Amino acid sequence: MELVGDRYLGGVMRGRMEGYGYYTLPMGTEYRGSLWDGMFHGHGELRRPTGGAYRALWERGLPTQGKYTFTDGLEFELEKWLYCDGYDRRFYTEISSGFKPPGIAQLTNLDPPKIIPKGCYDCGDGFYNPKTRIVVDYKRKFLRNADDDEHEWILRTCRKAWDLTAEEQPKSSHSLS
């Protein structure tokens, strides 16, 4: 069953998704779980194409309780969120695996970090081009257009590609004759 770029594999009753199924949205996000009358209903999980998943108990299309887990295994906590607060700026991989030796910097939670295309920013789920205001995933597939708030946030907080190379240019040799 396909609906405007979506894909569905699972039970159908009265022309609607019913029972256990796999529903993939056009941008690649996939729902795996129970459906009823064409809606997420019961236990199910939304998986992002870039990693991470939201496991929830759904009722008539709305989550009643759930938890988001990032690609690296970090679970989001709404009440007691201590990750990257003002007191502890370590990445989750540093918390779970320890620090790197002195002199070796860890710039992102992903190590080694992704190489950012020239003029772009790494916004966590892909690369952002401020000229086009488009976010693409790390495989260069379209994710979304950034609104004004996201644009400003990315420019203010995200890691940018280097404008200049850090390598020294070779000096021209002069003969002494």
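It should be noted that the structure appears before, not after, this text.
All figures in this text were calculated on a predicted structure; none of them were measured in a lab.

**Let's talk about the sheet that holds strand E12 (residues 159-160)**
Through backbone hydrogen bonds, the strands of a sheet pair up, either in parallel or in antiparallel fashion. Taken in spatial order, the five strands of this open sheet run E11-E10-E9-E8-E12, and their pairing is antiparallel. Looking along the sheet, the strands with just one partner apiece sit at the ends: strand E11 (142-145) and E12. Inspection of the sheet shows strand E8 (residues 121-122) paired to E12 by two bridges, in the antiparallel sense. The residue of E12 that forms the bridge with Tyr121 is Lys160.

**Points about helix H2 (residues 148-157)**
Residues of H2 that are buried include every one of Glu150, His151 and Ile154, and no others. Projected down its long axis, H2 carries its buried residues within an arc of 105°, all on one side. In H2, the exposed positions that point more than 90 degrees away from the buried face belong to Asp148, Asp149 and Arg156. Elements in contact with the buried residues of H2: E8, strand E9 (127-129), strand E10 (134-136) and E11. Regarding H2, its N-cap is Asp147, as a side-chain oxygen of that residue lies 3.3 Å from the backbone nitrogen of Asp149 further along.

Procedures and definitions
- Residues numbered from 1 in each chain as written.
- Predicted model: local features only at pLDDT ≥ 70, side-chain atom pairs only at ≥ 80, totals over all residues.
- Heavy atoms only, no water.
- Pairing = 2+ DSSP bridges.
- Helix = DSSP H or I, 4+ residues; strand = E, 2+ residues; numbered from the N terminus.
- Buried < 20%, exposed > 50% of the residue type's maximum accessible area, 1.4 Å probe, protein only.
- Arc of directions from axis to C-beta.
- Contact = heavy atoms within 4.5 Å.
- Polar contact = N/O pair within 3.5 Å; in protein donor to acceptor, adjacent residues only side chain to side chain.

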